[in-house]
Amino acid sequence: MAEFKKINHVAIAVNNIDEAITFWRDTLGLSFSHIEDVPSQKSKVAFFPVGESEVELVMPTSDDTGTARFLAKNGPGMHHLCLEVDNIDEKLAELKQKNVQLINETPLVLEGRKMAFLHPKSTQGVLIELYEITK
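Residues numbered from 1 in each chain as written. Predicted model: local features only at pLDDT ≥ 70, side-chain atom pairs only at ≥ 80, totals over all residues. Heavy atoms only, no water.

Colleague: Looking at this model, I keep getting lost on unusual backbone geometry. Mind explaining?
Modeller: Most peptide bonds take the trans configuration, and most residues that are not glycine carry a negative phi. Even without a glycine there, the phi angle at K42 is positive, about 50°. With respect to the secondary-structure elements, K42 resides in the loop between β2 (34–38) and β3 (43–50). (Helix = DSSP H or I, 4+ residues; strand = E, 2+ residues; numbered from the N terminus.)

Colleague: Help me understand the packing of aromatic side chains, please; the structure alone is not making it clear to me.
Modeller: For any pair of aromatic rings, the description consists of the separation of the ring centres together with the inter-plane angle of the planes. Under the criterion given, the structure shown has 2 aromatic pairs. Measuring from centroid to centroid gives 5.5 Å for F32 and F48, while their planes differ by 55°, and the two rings are tilted. Residue F32 is located in the loop between α1 (17–27) and β2, and its partner F48 is located in strand β3; the two are separated by 16 residues in the primary sequence. (Phe/Tyr/Trp six-rings, centres within 6.5 Å; stacked < 30°, edge-to-face > 60°.)

Colleague: What's the story with the layout of surface pockets in this structure? I'm lost.
Modeller: Unoccupied space between atoms shows up once a probe the size of one water molecule is rolled over them. Here the largest pocket is characterised by a volume of approximately 1,000 Å³. Around the largest pocket, the lining is made up of 40 residues, and of these Q41, H79, H80, F117 and E129 lie nearest the centre. By residue number, the principal contributor to the lining of the largest pocket is helix α2 (residues 66–74), which donates 6 residues. Taken together, the residues of the lining of the largest pocket sort by class into 15 nonpolar, 15 polar and 10 charged. (1 Å grid on protein atoms, 1.4 Å probe; cavity = no way out; pocket = protein on both sides within 12 Å on 5 of 7 lines; lining within 4 Å. Points joined across faces, edges and corners; volume = space filled by probe spheres on them. Nonpolar A, V, L, I, M, F, W, Y, C, P; charged D, E, K, R; others polar.)

What follows is the structure in structure tokens.
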């Protein structure tokens, strides 16, 4: 049985990443790590390490993304919770057997990691990302 390791990150959808960085860094006082362009996800992401986890600010760079649709419908706010697992393929199979609706039947493979999303209709309204570090 695949095991959950930790909360990898909490993702916050934002309309303006610079304004959001100012709030999280200057107002709240979190340590800002860096910002990345993520073309495969059509987004810019700012990273704030907190203990063994991170707060990630996600700004879509295209209107045809799930994050952009989320912002249009809900405005800025918590987008998803990311749980790190030791074996994402096994965990997805376990959850599928339990009738959890998967957005990604197989993980997306990015450099050094695999990720897949669970549909909020099956998770008490929370978009959940599963994440496995493969490096």
